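Each chain, letter by letter, is given below.
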Amino acid sequence: MSAPERRAGGRRAAHRAPERALLAEARALQPRTLALRRVLHRNPEVGLTLPVTQAAVLSALRELPLEITTGHGLSSVTAVLRGAHAGPTVLVRADMDALPMDEDSGVPFASEVEGAMHACGHDLHTAMLASAARLLCDRRERLAGTVVFMFQPGEESAHGARTMLDEGLLSAEGPGGVPESAMALHVTSRLAAGTLQTRPDSIMASSDDLHVRVTGRGGHASAPHDALDPVPAAAAMVGALHTMITRRISAFDPAVLTVSHISAGTTTNVIPETALLEGTVRTLSEETRGRVLEEIGQVCTGVATAYGCTCEVDIEAGYPVTVNDPDVADRVADVGRSVLGSRFVEPMPDPIMGSEDFSYVLGRVPGALAFLGACPTDVDPAEAPPNHSNRVVFDEDAMVAGVALYSGYVLDTLRPR
């Protein structure tokens, strides 16, 4: 029995039986959930094309009363469950893709694919949602409305959610059935297993990539006066860009700009013609995002001119800010308190400056993203290797809570009135 199950006794008496039953059903499904998670973990796939992952998901859903479609430009799976009674539509999402990195976690079911690893827990998300679909199919008679299960490739920088939207995700359940709300869970190794955190409004940042090419005039390193060295101009840009963030952007609507890659030249005695800067820009509002991107161009052009150089600034647009609807975020927290127990639901004090392409869905549908703790019980969360580490390990028992939370949110939203 998991810790949330043991501590569920603090809930209101009128709801204890169904809540305990929900966790118990999720626990009964754990062998299926675990098996799917480990298949996916051994066979990670990166990007939008995930044939092995897609096949595993389709196999897990095959005998269920679901209307299933697959993507055209990506290996997505959309499964629709129609409840026994009329009502609204709710969407629940799991992302399926892995990261392009080698695994060094030491788990016995480690990746068997060189250069690919499920280091962000998407394998857990997929397995949890597949088991939630099974649980909810068994409770179809209690659903007043429609459920859309969104199994999404390409969350890690490949804009998979946007592609699914372009391919008609929000009309997958039929005309006039735009989802009333949407919900997604994301596991983290930096929270105790079974702990739920979410917050209203901005929860994750936007993400844009910065590329700046500074052009001067090459020459011999012993005679810089006969050349036009782009390296000092590039170095000055780094400082100017970081200063711009602290002097032009409000501390109450923060932004992060990190220059993470600088390259120039080939050897010690040559002044190069060009220097390259690359980095990332993160913000928590679209207003500040626009302001920062505009200022970047002005700063780089001004510094280049001061050094007698020219520059080309290219900003590759990434994900928008992930913004939770306050009402839906409150509902997710309420469901967490009911299903897991109040001790396992914590306020999330600050947003995360990482980005998430569930932001595309939340830009179209009121919804919420929430974080589910999955730190192994013998590890201090503050010391655990974080998501995206080649050494990250997740507590698989947390998937019981995840299945119950996905299911509980749908049941609460589609409860017959």
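In short, a report on the structure. (Residues numbered from 1 in each chain as written. Predicted model: local features only at pLDDT ≥ 70, side-chain atom pairs only at ≥ 80, totals over all residues. Heavy atoms only, no water.)

Right, let's talk about the overall build of the protein chain for a bit. If you tally the helices and strands in the protein chain, you get eleven helices and 16 strands. Its C-alpha radius of gyration of 24 Å places the protein chain within 12% of the 22 Å reference for a compact globule of 417 residues. Expressed as lengths along the three principal axes of its C-alpha atoms, the size of the protein chain is roughly 80 × 45 × 40 Å. Across the 417 residues that make up the protein chain, the buried fraction comes to 54%. Summarising the internal contacts of the protein chain: among those between residues at least 6 apart in sequence, 81% fall at separations of at least 24. For the protein chain, the accessible area works out to roughly 17,500 Å², and carbon and sulfur atoms hold 51% of it. The positive charge centre, built from 35 side chains, and the negative charge centre, built from 52, are 9 Å apart in the protein chain. (Helix = DSSP H or I, 4+ residues; strand = E, 2+ residues; numbered from the N terminus. Rg over C-alpha atoms; globule rule 2.2 N^0.38 Å. Buried < 20%, exposed > 50% of the residue type's maximum accessible area, 1.4 Å probe, protein only. Contact = heavy atoms within 4.5 Å. Areas by Shrake-Rupley, 256 points an atom, 1.4 Å probe, with all protein chains shown as cover. Lys, Arg positive; Asp, Glu negative; His and termini not counted. Charge placed at Lys NZ, Arg CZ, Asp CG, Glu CD.)

Bridge count between strand β1 (residues 67-70) and strand β2 (residues 77-82): four bridges; the pairing is antiparallel. Its bridge partner lying in β2, I68 is registered against A79. The loop that links β1 with its antiparallel partner β2 comprises six residues. (Pairing = 2+ DSSP bridges.)

Turning to a negative patch on the surface, a few remarks are in order. A cluster of like negative charges, contributed by D209, E312, D314 and E316, occupies part of the molecular surface. The dominant element in the negative patch, judged by the number of residues it contributes, is strand β13 (residues 310-317), at three residues. Turning to its location among the elements, D209 is positioned in strand β8 (residues 208-215). (Patch = residues over 30% accessible without salt bridge, like charges linked within 9 Å, V, L, I, M, F, W, Y side chains within 5 Å. Salt bridge = Lys/Arg side-chain N within 4 Å of Asp/Glu carboxyl O.)

Moving on, we get to the packing of aromatic side chains. Across all of its chains, the model carries one aromatic pair by this definition. Residues Y319 and Y360 carry aromatic rings whose centres are separated by 5.8 Å and whose planes lie at 80 degrees to one another, so their mutual orientation is edge-to-face. With Y319 in the loop between β13 and β14 (322-324) and Y360 in helix α10 (residues 358-362), this pair connects stretches of sequence that are 41 residues apart. Residue Y319 is classed as buried on the basis of its relative accessible area, which comes to 4%. (Phe/Tyr/Trp six-rings, centres within 6.5 Å; stacked < 30°, edge-to-face > 60°.)

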